[in-house]
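Chain and residue survey
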Amino acid sequence: MKLLRVDFLVPLISWTTLVLALALLICGYAEAWHVPWFEQRYLPTIALAHGQPIYRDPPDGPVILCLYGPLSYLAFLPAAFLPTVQSVFAGGSLLATAFLVIPFVVVGYSFIRKHQLAPRDWAPLLLLPLAAIASLRPLSYIATLVTADAPSTCLMALSAWVLYGDYREGRARRWKTAAYSSLALVLSIGCKQNMVFAAA
(Lines give C-alpha, C1' and ligand atoms only; values in the text may rest on other atoms or scores of the structure.)
Protein backbone atom coordinates (compact mmCIF):
# COMPACT_ATOMS: atom_id res chain seq x y z
CA MET A 1 0.00 0.00 0.00
CA LYS A 2 1.37 3.42 -0.95
CA LEU A 3 1.95 5.96 1.75
CA LEU A 4 0.25 9.32 1.42
CA ARG A 5 2.60 11.97 0.11
CA VAL A 6 3.50 14.85 2.40
CA ASP A 7 2.69 17.43 -0.25
CA PHE A 8 -0.85 16.05 -0.28
CA LEU A 9 -1.25 15.97 3.50
CA VAL A 10 -0.16 19.55 4.14
CA PRO A 11 -2.90 21.18 2.01
CA LEU A 12 -5.46 18.72 3.37
CA ILE A 13 -4.60 19.50 6.99
CA SER A 14 -4.37 23.21 6.22
CA TRP A 15 -7.79 23.45 4.59
CA THR A 16 -9.39 21.28 7.28
CA THR A 17 -7.88 23.46 10.00
CA LEU A 18 -9.02 26.62 8.22
CA VAL A 19 -12.61 25.37 7.84
CA LEU A 20 -12.82 24.28 11.49
CA ALA A 21 -11.25 27.51 12.75
CA LEU A 22 -13.63 29.66 10.70
CA ALA A 23 -16.60 27.59 11.89
CA LEU A 24 -15.55 28.07 15.51
CA LEU A 25 -15.06 31.81 14.95
CA ILE A 26 -18.51 32.15 13.38
CA CYS A 27 -20.02 30.36 16.37
CA GLY A 28 -18.03 32.68 18.62
CA TYR A 29 -19.39 35.73 16.79
CA ALA A 30 -22.99 34.51 17.15
CA GLU A 31 -22.44 33.90 20.85
CA ALA A 32 -20.70 37.24 21.39
CA TRP A 33 -23.54 39.25 19.86
CA HIS A 34 -25.95 37.79 22.43
CA VAL A 35 -23.74 38.50 25.45
CA PRO A 36 -25.38 41.30 27.49
CA TRP A 37 -22.18 43.28 27.97
CA PHE A 38 -21.19 43.26 24.28
CA GLU A 39 -23.14 46.42 23.50
CA GLN A 40 -22.17 47.97 26.84
CA ARG A 41 -18.48 47.76 25.96
CA TYR A 42 -19.21 49.02 22.45
CA LEU A 43 -21.31 51.94 23.71
CA PRO A 44 -18.43 54.44 24.16
CA THR A 45 -17.22 53.87 20.60
CA ILE A 46 -20.73 54.24 19.17
CA ALA A 47 -21.25 57.38 21.26
CA LEU A 48 -17.97 58.80 19.95
CA ALA A 49 -19.04 58.07 16.37
CA HIS A 50 -22.18 60.15 16.95
CA GLY A 51 -20.36 63.11 18.43
CA GLN A 52 -20.97 62.31 22.09
CA PRO A 53 -18.16 62.63 24.67
CA ILE A 54 -16.99 59.42 26.32
CA TYR A 55 -16.08 60.86 29.70
CA ARG A 56 -18.76 62.95 31.41
CA ASP A 57 -19.22 64.52 34.80
CA PRO A 58 -22.17 63.17 36.76
CA PRO A 59 -25.13 63.41 36.44
CA ASP A 60 -24.88 64.44 32.78
CA GLY A 61 -25.28 62.00 29.90
CA PRO A 62 -25.86 58.25 29.60
CA VAL A 63 -24.38 55.79 32.04
CA ILE A 64 -21.36 54.01 30.54
CA LEU A 65 -20.59 50.91 32.53
CA CYS A 66 -17.05 50.28 31.30
CA LEU A 67 -14.27 52.78 30.84
CA TYR A 68 -10.90 51.99 29.32
CA GLY A 69 -8.20 54.06 27.71
CA PRO A 70 -9.47 56.28 24.87
CA LEU A 71 -7.35 54.57 22.20
CA SER A 72 -9.36 51.35 22.51
CA TYR A 73 -12.47 53.23 21.42
CA LEU A 74 -10.65 54.77 18.49
CA ALA A 75 -9.46 51.32 17.41
CA PHE A 76 -13.04 50.15 16.86
CA LEU A 77 -14.35 53.47 15.56
CA PRO A 78 -14.43 52.53 11.83
CA ALA A 79 -17.01 49.78 12.46
CA ALA A 80 -19.25 52.15 14.42
CA PHE A 81 -20.06 54.10 11.23
CA LEU A 82 -21.66 51.08 9.52
CA PRO A 83 -25.36 51.59 8.67
CA THR A 84 -27.11 48.91 10.76
CA VAL A 85 -26.76 47.55 14.28
CA GLN A 86 -25.96 44.10 12.93
CA SER A 87 -23.20 45.41 10.70
CA VAL A 88 -21.77 47.49 13.55
CA PHE A 89 -21.59 44.41 15.77
CA ALA A 90 -20.15 42.24 12.98
CA GLY A 91 -17.59 44.89 12.06
CA GLY A 92 -16.48 45.20 15.67
CA SER A 93 -15.97 41.46 16.02
CA LEU A 94 -14.05 41.25 12.74
CA LEU A 95 -11.79 44.10 13.86
CA ALA A 96 -11.15 42.29 17.15
CA THR A 97 -10.11 39.16 15.25
CA ALA A 98 -7.93 41.22 12.92
CA PHE A 99 -6.10 42.79 15.87
CA LEU A 100 -5.07 39.34 17.09
CA VAL A 101 -4.00 38.15 13.64
CA ILE A 102 -2.01 41.27 12.68
CA PRO A 103 1.09 40.44 14.79
CA PHE A 104 1.38 37.00 13.17
CA VAL A 105 1.06 38.55 9.72
CA VAL A 106 3.77 41.09 10.52
CA VAL A 107 6.13 38.40 11.81
CA GLY A 108 5.51 36.15 8.81
CA TYR A 109 6.00 39.00 6.36
CA SER A 110 9.29 39.98 7.99
CA PHE A 111 10.61 36.44 7.56
CA ILE A 112 9.43 36.30 3.94
CA ARG A 113 10.97 39.69 3.14
CA LYS A 114 14.33 38.46 4.42
CA HIS A 115 14.00 35.20 2.48
CA GLN A 116 13.96 33.18 5.69
CA LEU A 117 10.54 31.70 4.95
CA ALA A 118 8.92 30.71 1.68
CA PRO A 119 5.52 32.35 0.99
CA ARG A 120 3.91 28.95 0.41
CA ASP A 121 5.06 27.78 3.86
CA TRP A 122 3.74 30.87 5.58
CA ALA A 123 0.02 30.21 5.05
CA PRO A 124 0.00 26.83 6.85
CA LEU A 125 1.98 28.34 9.71
CA LEU A 126 -0.53 31.17 9.99
CA LEU A 127 -3.27 28.60 10.50
CA LEU A 128 -1.74 27.51 13.81
CA PRO A 129 -2.41 30.80 15.65
CA LEU A 130 -5.77 31.09 13.88
CA ALA A 131 -6.74 27.66 15.19
CA ALA A 132 -5.55 28.64 18.67
CA ILE A 133 -7.54 31.87 18.55
CA ALA A 134 -10.67 30.01 17.48
CA SER A 135 -10.43 27.07 19.88
CA LEU A 136 -8.93 28.47 23.11
CA ARG A 137 -11.61 30.20 25.16
CA PRO A 138 -9.56 33.19 26.42
CA LEU A 139 -8.34 33.99 22.91
CA SER A 140 -11.76 33.36 21.37
CA TYR A 141 -13.26 35.75 23.89
CA ILE A 142 -10.82 38.50 22.89
CA ALA A 143 -11.25 37.78 19.17
CA THR A 144 -15.05 37.94 19.07
CA LEU A 145 -16.09 40.57 21.61
CA VAL A 146 -15.38 44.28 21.37
CA THR A 147 -12.97 44.80 24.25
CA ALA A 148 -9.83 46.78 24.92
CA ASP A 149 -7.89 43.51 25.08
CA ALA A 150 -7.60 42.94 21.32
CA PRO A 151 -5.95 46.24 20.26
CA SER A 152 -3.83 46.40 23.42
CA THR A 153 -2.58 42.83 22.90
CA CYS A 154 -1.83 43.59 19.24
CA LEU A 155 0.25 46.64 20.09
CA MET A 156 2.05 44.91 22.96
CA ALA A 157 2.97 41.99 20.67
CA LEU A 158 4.28 44.38 18.00
CA SER A 159 6.33 46.19 20.63
CA ALA A 160 7.91 42.91 21.73
CA TRP A 161 8.57 41.87 18.12
CA VAL A 162 10.43 45.11 17.38
CA LEU A 163 12.72 44.47 20.33
CA TYR A 164 13.22 40.81 19.45
CA GLY A 165 13.91 41.51 15.79
CA ASP A 166 16.62 44.00 16.67
CA TYR A 167 18.18 41.64 19.19
CA ARG A 168 18.06 38.64 16.84
CA GLU A 169 19.73 40.45 13.95
CA GLY A 170 22.19 42.50 16.01
CA ARG A 171 21.27 45.74 14.29
CA ALA A 172 22.77 49.01 15.41
CA ARG A 173 19.59 51.10 15.19
CA ARG A 174 19.12 51.05 18.95
CA TRP A 175 17.43 54.43 19.26
CA LYS A 176 14.96 53.68 16.47
CA THR A 177 14.17 50.32 17.99
CA ALA A 178 13.58 51.91 21.38
CA ALA A 179 11.40 54.62 19.82
CA TYR A 180 9.22 52.21 17.79
CA SER A 181 8.88 49.72 20.62
CA SER A 182 8.10 52.42 23.17
CA LEU A 183 5.50 53.98 20.88
CA ALA A 184 3.68 50.67 20.45
CA LEU A 185 3.94 50.08 24.19
CA VAL A 186 2.46 53.47 25.07
CA LEU A 187 -0.36 52.98 22.57
CA SER A 188 -1.06 49.58 24.13
CA ILE A 189 -1.36 51.16 27.58
CA GLY A 190 -3.55 53.85 26.03
CA CYS A 191 -5.95 51.09 25.02
CA LYS A 192 -6.00 49.33 28.39
CA GLN A 193 -4.40 50.76 31.48
CA ASN A 194 -3.37 47.50 33.13
CA MET A 195 -1.07 46.67 30.19
CA VAL A 196 1.45 48.72 32.14
CA PHE A 197 1.96 45.62 34.29
CA ALA A 198 2.71 43.53 31.20
CA ALA A 199 5.19 46.19 30.12
CA ALA A 200 6.94 45.99 33.47
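Residues numbered from 1 in each chain as written. Predicted model: local features only at pLDDT ≥ 70, side-chain atom pairs only at ≥ 80, totals over all residues. Heavy atoms only, no water.

Notes on the confidence of the model for the chain
Which entries qualify depends on this criterion: The score called pLDDT rates the predictor's confidence residue by residue, from a low of 0 to a high of 100. By the criteria applied, helices consist of DSSP H or I runs no shorter than four residues and strands consist of E runs no shorter than two, each listed in order from the N terminus.
Residues at a pLDDT of 70 or more form 85% of the chain, whose mean pLDDT is 80. Element-level mean pLDDT values for the chain span from 72 in helix 10 (residues 195-199) up to 90 in helix 4 (residues 77-80).

As for the packing of helix 5 (residues 85-113) against helix 7 (residues 137-144)
Keep this limit in mind: Axis geometry follows a simple rule: fit a line to the C-alpha atoms, using only the stretch in contact for helices, then measure angles between N-to-C directions, giving values from 0 to 180 degrees. Working definition: roughly parallel below 35 degrees, roughly antiparallel above 145 degrees, roughly perpendicular at 65 to 115 degrees, and oblique for all remaining angles. Any pair of residues with heavy atoms lying within 4.5 Å of one another is described as a contacting pair. Residue type decides the class: Asp, Glu, Lys and Arg count as charged, Ala, Val, Leu, Ile, Met, Phe, Trp, Tyr, Cys and Pro as nonpolar, and the leftover types, Gly among them, as polar.
Following both chains from N to C, one finds helix 5 and helix 7 inclined at 125°, their axes separated by 6 Å at the closest point. When the interaxial angle is binned, helix 5 and helix 7 end up oblique. Contact with helix 5, carried on its side by Ser 93, Ala 96, Thr 97 and Leu 100, involves Leu 139, Ile 142, Ala 143 and Thr 144 of helix 7 and no other residues of that element. By residue class, the composition of the contact of helix 5 with helix 7 is 5 nonpolar, 3 polar and no charged.

Regarding the packing of aromatic side chains
Centre distance and the angle of the planes are the two values used to describe a pair of aromatic rings. Short version of the rule: Any two of the Phe, Tyr and Trp rings considered here, Trp counted by its six-membered ring, make a pair once their centres fall within 6.5 Å; the pair's planes then place it as stacked at under 30 degrees, edge-to-face at over 60, or tilted in between. Relative accessibility thresholds used throughout: buried, under 20% of the residue-type maximum; exposed, over 50%; partly exposed, between the two (1.4 Å probe, protein chains only).
Applying the stated criterion across every chain, the model contains 4 aromatic pairs. On the numbers, 5.5 Å between centres and 90° between planes, the contact of Phe 76 with Phe 99 is edge-to-face. Placement of Phe 76 in the loop between helix 3 (70-75) and helix 4 and of Phe 99 in helix 5 is noted, with a sequence separation of 23 residues between them. The residues Phe 76 and Phe 99 share a single accessibility class, namely buried. Relative to Trp 161, the ring of Phe 111 has its centre 5.8 Å away and its plane inclined at 50°; by these criteria the two rings are tilted.

Quick look at the pattern of salt bridges
Rule in force here: What makes a salt bridge here is a side-chain nitrogen of Lys or Arg within 4 Å of a carboxyl oxygen of Asp or Glu, nothing more.
Summed over the entire model, instances satisfying the criterion amount to 2 salt bridges. We note a salt bridge from Glu 31 to Arg 137, for which the minimum N-O separation is 3.2 Å. Linking Glu 31 in helix 1 (residues 6-32) with Arg 137 in helix 7, this pair joins segments that are 106 residues apart in sequence. In this structure Glu 31 comes out as partly exposed when scored by relative accessible area, which is 39%. For the salt bridge of Asp 149 with Lys 192, the shortest nitrogen-to-oxygen distance reads 2.5 Å. You can see Asp 149 sitting in helix 8 (residues 149-169) and its partner Lys 192 sitting in the loop between helix 9 (174-191) and helix 10, a full 43 residues away along the chain. Using a relative accessible area of 12% as the deciding quantity, one classes Lys 192 as buried.

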